[in-house]
Structure formats: structure tokens, C-alpha cells
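Structural characterization, general
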Amino acid sequence: MTTRKTLRSFPALALAMAVAAGGTAMAATTLVGTGASFPYPIYSKWFDEYQKVRPDVRINYQSIGSGGGIRQITARTVDFGASDGPMTSAQLFAVDGKILHLPTVLGAVVVVFNLPGVDTLNLDGPTLADIFLGKIRGWNDAAIAALNPGVALPANPITVVHRSDGSGTTFCLVDYLSKVSPAWLRTAGKGTAVNWPVGLGGKGNEGVAGLVKQTPYAIGYVELIYADQNHLSYAAIRNLAGKFVKANTAAVTAAAAGTASSMPGDFRVSITNAAGDDAYPISTYTWLLVYQANPGNKGEILKGFLRWMLKDGQGMAGGLGYAPLPDSVNGMVAKAVETIR
Amino acid sequence: MRMSPSVLALAGPRWGADDAFRRMTLAFGLVIVGLAVAMGGTMAVNSRLAWRAFGLPFIWTSTWDPVAEVFGAWPFIWGTLVSSALALSVAVPLGLGTAVFLAEVAPRRLSDAASFAIELLAAIPTVIMGLMGIFILVPLVRWAEPWLARTLGFLPFFRGAPYGVGMLTAGLLLAFIILPYIVSITREIMLTVPRSLREAALGLGATKWEVVRLVVFPYARSGVTGAVFLALGRALGETMAVTMVIGNTPKVSLSLLEPGYSMAAVLANEFAEASSDLYVHSLVAIGLVLFGITIVVNAIARLMIHRATVRAS
């Protein structure tokens, strides 16, 4: 009985859906993108806001991870990809067509810790690498104590927490560790997932934040905004200029500005361990991956969005824990956007 | 008088309908078999690079290094087997005991109410179980671990730092996840034991325990074995809850206090960001191994049930 009723009402429902779909299909063009989860909060805000500016354009973004973004844009199953780590030359070589890396915003990876009674901590690159390598095992190790005069460090063993899933956040941290510690480069190396010598794995930024928050004497790394949301203390890191800097959006933009003069034409650049007194050393760009040549009017639509993103979109970054592009870089990206067809 | 079409069909030659029915059900059966074969085939094809690069030693080597692109599945196989075995060793005695109480000892009303609650447990999404694991079980285990290490530390199974997350927590959480399956199926099966058999035993002067041991268990053995293996299958494949509490560290350790990893967990964690072909193929190869283990477990279950039924009859 119920089935029959449903069946009878079905044509009417289908008709209503068809009308609704037809109504939007006539007006809207949909762009589909996939990739990094690191910039997902700001991207979804942008795509939302942009729809208010251009109601005829819809952008559908799925944050499946940088690796997935690179694979799907290479296979052309999406209109744009997104990644926290630049594509390697080998990956670019395998692509049929030219892919542009367009920086959108910057983010910071912070070293969070759970030390009962201690809420400020200074660390430098080699010490951090040795902690993540398992060479420094206790909190009262001489290397940590030397960086933190006057802080009562406990004798407890350090519990290292890292990401269990492949991630742009991991890439940013190990990219930095590889630059400052030859031992790290030799043993673990650089990638979105590495063979961690010690520690526990948590899934996602929230997983790592949760483990650090729960486990006394733990140390881990998350994106800046997750540290703030979870009220976790994070360490000041000694930068290339020898200054201890705590992460904030200004310190990240400073790191980008410190490398802007040497920015390569294809924007594939790492800004970890950047020069500059105020530069936070574990910072990174995040990129949109788009083809220079696009089918139909997709190129024009992408261009329209990217122009808006560089002008109006940048102002929304700070509120979500991302740093806007420095002006000089913004100008360079704007030029690159104009080459899209 | 006009006959309705269905009666007309019945009046016609019967073999035609039988034949059609046979073919149709055969087709359904073949679809299921075909699906299983297709799954195995797809995974074999999409893991070929891993087998070509590492060969069979892929199964028993322990390095998992995405940067150097060296992959071995042993830590994950180990973690899956150990956490599932641990889960069974907790859930089977607990589950059977509960089922015996509910089927044989408890008043019928209490039994029905309790089994309703237990079946409700089975409906809780495992991600919720994982959250409960993080917020309740992990702190409890972290609190108990130093004591375990002090008192049982002479055994290799209870050594290491008290992280709270690890193999022990994963095994206990899995036990809670599979417990409802064991309890509810075992209770139902015990209730199907004919009343006359019980009464005969009681009439011979058997105690309640003797009735359970000598009459109910032999009668229900194949069903109970089935319940246990269904639960084991569930434990082997459980992904989300395990990922949240096992520690996600691809290391092989005898100690239950150390963090570990499982096959399903590494797939959930690393598939999305696996960038190189060999990496993806190695992950699919782990999927294939898990598929193989599930088939072997099911085959053993079949065999045991078959043996039990043969012996009983």
C-alpha cells in the first residue's frame, strides 16, 4: 500500500526536481575541484562568498587531500586541484598540458606541547628534529634546558605525537626539519607521510591535538588554528636570524616576504626556515593547481574567481588563521592568472 | 467464467516456471560469487606494482617508509591479528557467560529487556565507540598501565610506557564492539534448544550448570561457533574505532602496551594522500591480504561448523 502511494506521487516529485534542476542549470556553471584539506576552511568560505558575487558560478570543492588533488587534476577529472606541497618535476612531466601553481594563502604549523605547569617553551630546529627522531627522550635534556633558562622542566619522558594520515601539515614540518637537521634528512626525509622513528599517530589535525591534549608530557604539531581552538600551548621556534618567534599570521606573512625576492616564476617554493627577524620558520604556501588552457569558458570563469580571490578574498584569511599573500607575491600571482585561457 | 492470470499460469506446464525460477536464482547466486571474484581481481591488478617490486616478502617485512618507497605489510597484519585475538579472548568468555545467564538463568522478562539493550549496542556507529574509547577507555588504560607494568612486567606482554593508546586499548574496544554479536546470537540459539531435552536432563537430576554443559552447549555448538566467527570477521575489518585508539605506529612489538597499527587503519589513514603509484599499489596489496585473511577465517569457520554438525548428528 505504502509502496503504491509512493509510486503514484513519484512522477510529481520527479517533475518538481527536474524543474528545479533545469532552473539552475540554465544559469549556473559549476566548477569542480579537489585537494588539500589544510586550506579547506578558507576555500569553502571563498566559494560561498563568491557565489553571492557571481550567482551564476558554483564551485564545488572536496577536501580529499593533496595527493588526491594532484592525481585528479593530472587525470583531468576536475577543473582545478589544490595542494599544500608543490608537485614534483616528475609529476609535472607526466601531465598532458601545462599546470600552474597559484599560491592562495599561507599557513603555519605549530609545535604544541602538554607540559603540566609550563606554558612557554623555546625550541630550535636541530633540537626539534632530535625530539622527533627519538634522540632526545626526556624533557629535562640538556639541549632543551639550554634553550629555556629558568624554566623548570620535568624529568618525564617525551611522548611524540605525529600525523598518521598523509598530510600537507606533515610535509611542511619535515620540510623544515630536513633543512635544519642532516640527521633528519638522512633517517626520515621529506614527504606527506614519513617513516616516523618514534611516537604515536593521530588521524588529522584534530586527532593529533586530541592526543597531545590528553597525554601529559606529549609534543606534536598541528596547524595554527587547531592549537588556538584546543587551547594548546605552542613553542616559539628559533628562526634563521636567531630570534625566537611564536606563530601568528604576521610572522607567517613575514616569512613569505623574506623569500618573495627569490620567488621562482612557477611559484613552486618552500618558505620554511625563511630569512627575516620576524619570520616564523615552519610556514608554507598552499596552492591551487589549474591548467593554463581550459575547455570552453571554464578558463574565463576560473580567472574571474582568481581575480576576486586575490583582491577581496585575501581579507577573509586572517579570521580563519591563515596569512594573506604579501603584496609583492600577490602582484606576481595576478600576472600569472591573466595567462589562463 | 474467466480465470485470473495467475491461475492460468498454474494450469500450464509447470516445468517452464521451475526452469525460469532456477535460472533466476542461479543468476543471483552467480552475481554474489562474481562480485567476490571481481573484488579480488581488481585488487590483484591494482597491487601488481607492489608484488613486482617486493614479491611475497611484502607480507613478512616490517619497513613502511613512504619517502624511500619501501613497503612491507607485516606490522599491519600483526596488529590486525593481535588486536582481534585479544578482542576474542575477552569477548568470548564474557559473551558466552552473558548469553548463558540471559537464556538459562535470568527471568524471561529481564532477559528480553537486557537483550534489547545489547542489540542496541550493536547499532552504535563505531566512530562513536571510538570516541568513547578516546574519552573513557584510554584514560582508564593509561591509569592502569603503570600497575600492569609493575605487577606483570616480568612477561614481555606488559612492558613499555603508559601511553593509554595502543594494542591493549584497541583489543578491549574491539571486544566491546563485537560483544553484542556474540551475546545476542548465542542467546537466540540457546533458546532454540528443545524444552524436552532440558526437562529430561533436569529429570535425571542434573544441575543448571550440567544442563548447560551437557545439553545446551552441544546442541548449540555450531551456531555459537558461527557467532564467534562472525564477531571475528567484524573485528578483523573494523577500521574507524581501531584507528582512533591503536596509536597508528607500524611497529611489531610483543608488548600490548605499545602502540601498533592495523590493516584497515592504514588504508583509512594513508590512501587519500598516497601520491606515488607504488605507494597506492602497496596499500591495495594490504587490502588484498586482508581479503585473503578474511576468506581463510571464514573457511576455517565453515570447517569447524561442518565438523561440529557431523559430530552432533
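Residues numbered from 1 in each chain as written. Chains lettered and ligands numbered in written order. Predicted model: local features only at pLDDT ≥ 70, side-chain atom pairs only at ≥ 80, totals over all residues.

Before going further, it helps to spend a moment on the overall build of chain B. Helix and strand content of chain B: 12 helices and two strands. When the elements of chain B are put in sequence order from the N terminus, they spell out α-α-α-β-β-α-α-α-α-α-α-α-α-α. Taking 20 Å as the expected radius of gyration for a compact globule of 313 residues, we find that chain B reaches 25 Å, considerably beyond that expectation. C-alpha extents for chain B along the principal axes are approximately 80 × 55 × 35 Å. Classification of the 313 residues of chain B by burial places 37% in the buried group. Contacts spanning at least 24 positions in sequence make up 76% of the contacts within chain B whose residues lie at least 6 apart. (Helix = DSSP H or I, 4+ residues; strand = E, 2+ residues; numbered from the N terminus. Rg over C-alpha atoms; globule rule 2.2 N^0.38 Å. Buried ≥ 20, exposed ≤ 12 C-beta atoms within 10 Å, placed from the backbone. Contact = placed C-beta atoms within 7 Å.)

One frequent convention defines the size of an interface as the accessible area lost when the parts assemble. The partner chain B presents 22 residues to the 27 residues of chain A that form the contact. At the level of elements, α3 (66-74), β7 (200-202) and α9 (204-214) of chain A are the ones that each hand at least two residues to the side of chain A that touches chain B. By residue number, the principal contributor to the side of chain A that touches chain B is α3(A), which donates four residues. Partitioning the side of chain A that touches chain B into residue classes produces seven nonpolar, 17 polar and three charged. (Nonpolar A, V, L, I, M, F, W, Y, C, P; charged D, E, K, R; others polar.)

With that settled, the discussion passes to the sheet that holds strand β10 (residues 236-238) of chain A. Sheet strands pair via backbone hydrogen bonds, and the direction of the pair is either parallel or antiparallel. Residue and element names in this part refer to chain A. Spatial strand order, β5-β10-β11: three strands in an open sheet with mixed pairing. At either end of the open sheet lies a strand with only one pairing partner, and these are β5 (122-123) and β11 (244-245). In terms of strand pairing, β10 meets β11 through two bridges, oriented antiparallel. Across the sheet, the residue bridging to R238 is F244, located in β11. (Pairing = 2+ DSSP bridges.)

Here the focus is the packing of helix α5 (residues 108-122) of chain B against helix α7 (residues 167-191) of chain B. When two helices pack together, you describe them by how their axes are tilted relative to each other and by the distance separating the axes. Residues and elements named next belong to chain B. Running from N to C, α5 and α7 point in directions that differ by 140°, and their axes come no closer than 8 Å. Taken together, the axes of α5 and α7 lie oblique to each other. Helix-helix and strand crossings are classified by hand; for α5 and α7 the assignment is left-handed. Across from S115, I118, E119, L121 and A122 in α5, the residues of α7 making contact are P180, Y181, V183, S184 and R187. In the contact of α5 with α7, the residues fall into six nonpolar, two polar and two charged. (Axes fitted to C-alpha atoms, helices over the stretch in contact; angles between N-to-C directions. Parallel < 35°, antiparallel > 145°, perpendicular 65-115°, else oblique. Left-handed = near helix turned anticlockwise from the far one by under 90°.)

Moving on, we get to the confidence of the model for chain A. Chain-level pLDDT for chain A is 88 on average; 92% of the residues reach the 70-or-more range. With pLDDT under 50 throughout, residues 1-26 of chain A is counted as low confidence; its partners more than four residues away or in other chains account for zero contacts. (pLDDT = per-residue confidence, 0-100.)

All names here are of chain B. What the domain assignment reports for chain B is domain 1 (16-45) and domain 2 (51-312). Contact with domain 1, which involves four residues of that partner, is made by four residues of domain 2. For the side of domain 1 that touches domain 2, a count of residues per class yields three nonpolar, one polar and no charged. (Domains from an automatic or database assignment.)

Inspection of the secondary structure puts A:N140 in the loop between α5 (125-133) and α6 (142-147). In contact with A:N140, not counting residues within four places along its chain, are A:A145, A:L153, A:P154 and A:A155.

Residues of α5(A) that are buried: A:G125, A:T127, A:L128, A:A129, A:I131 and A:F132. A:G134 occupies a position one or two residues after α5(A) and carries a positive phi of about 85°.

Before going further, it helps to spend a moment on the environment of B:G171. All names here are of chain B. With respect to the element layout, G171 can be found in helix α7. When the C-alpha atoms of G171 and A91 are compared, they prove to be 9.7 Å apart, with 80 residues separating the residues in sequence. Not counting the four nearest positions on each side in its chain, G171 is found in contact with S83, L86, A87 and V90.

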